[in-house]
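Chain by chain, the residues run as shown.
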Amino acid sequence: MIAQMLLKGKEKSTYKEDSAGEKPIRSVAKALSWRVVGTLDTLLVSYFLTGKISLAASIASVDFITKLILYFFHERVWNAIKWGK
């Protein structure tokens, strides 16, 4: 939404366009892409701290699932908030 506003330049968008928000499938796609990045970070940090790839992979796997779910609902709540739209 921010990128759309920036790309539109000086054009003013309508309230209807701004209030539509994004569809749940977009939130899922964003959550998945962000979790891949976050999970790689968790995997590397866990491996650095434990020295065991199997333990690091276990930590990263649990982290991936829980944070994917939390991020999805976080996005949906923010999409419902009118502030800043």
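Refer to the structure above for everything that follows.
As a convention, each chain's residues are numbered from 1 in the sequence order in which they are written. Residue-level local features of this predicted model are given only where pLDDT is at least 70; pairs of side-chain atoms are given and counted only at 80 or more, and the full residue set underlies all totals for whole chains, interfaces and linings. In computing side-chain values, all of the structure's heavy atoms are included and hydrogens and water are not.

## Re the packing of helix H3 (residues 24-50) against helix H4 (residues 53-80)
In helix packing, the relevant descriptors are the interaxial angle and the interaxial distance, both defined with respect to the helix axes.
Step number 1: Lines fitted to C-alpha atoms define the axes, with helix axes restricted to the stretch in contact, and inter-axis angles between N-to-C directions lie between 0 and 180 degrees. Put simply, DSSP marks the helices as runs of H or I at least four residues long and the strands as runs of E at least two long, and each gets a number from the N terminus on. Close contact between H3 and H4 brings their axes to 7 Å; oriented N to C, the two are set at 150°. Judged on the interaxial angle alone, H4 and H3 are roughly antiparallel. H4 is crossed by H3, and the crossing has right-handed handedness. An angle below 35 degrees is read as roughly parallel, one above 145 as roughly antiparallel, one from 65 to 115 as roughly perpendicular, and any other as oblique. The crossing is said to be left-handed when, going from far helix to near helix, the turn is anticlockwise and less than a right angle, and right-handed when the turn is clockwise.

## Some thoughts on H3
Step number 1: Counted at 1.5 Å a residue, the expected span for H3 with its 27 residues is 39 Å, and the 37 Å between its end C-alpha atoms agrees.
Step number 2: If you check which residues of H3 are buried, you get Ser27, Ala31, Arg35, Gly38, Thr39, Thr42 and Ser46.
Step number 3: Where H3 is buried, its residues touch H4.
Step number 4: In the stretch just after H3, glycine 51 is the one whose phi turns positive, near 75°. Expected helix span is taken as 1.5 Å per residue step, with the number of steps being one fewer than the number of residues. Working definition: with a 1.4 Å probe on protein chains only, accessible area under 20% of the residue-type maximum means buried, over 50% means exposed, and in between means partly exposed. For this analysis, residues touch if any pair of their heavy atoms sits within 4.5 Å.

## Description of H4
Step number 1: An ideal rise of 1.5 Å per residue puts 40 Å on 28 residues; H4 measures up with 40 Å between its terminal C-alpha atoms.
Step number 2: Every buried residue belonging to H4 is among Ala56, Ala60, Asp63, Leu68, Glu75 and Asn79, and all of these are buried.
Step number 3: Packing partners of the buried residues in H4 comprise H3.

## Here's the deal with the side chain of threonine 42
Step number 1: Residue position: threonine 42 is located in helix H3.
Step number 2: The definition of a polar contact used here is a pair of N or O atoms within 3.5 Å, where within protein one atom must be able to donate a hydrogen and the other to accept one, and adjacent residues in sequence count solely through side-chain atom pairs. At 3.0 Å, the side chain of threonine 42 forms a polar contact with the side chain of aspartate 63.
Step number 3: With near-sequence residues (within four places) excluded, threonine 42 lies in contact with Ile59, Ala60 and Asp63.

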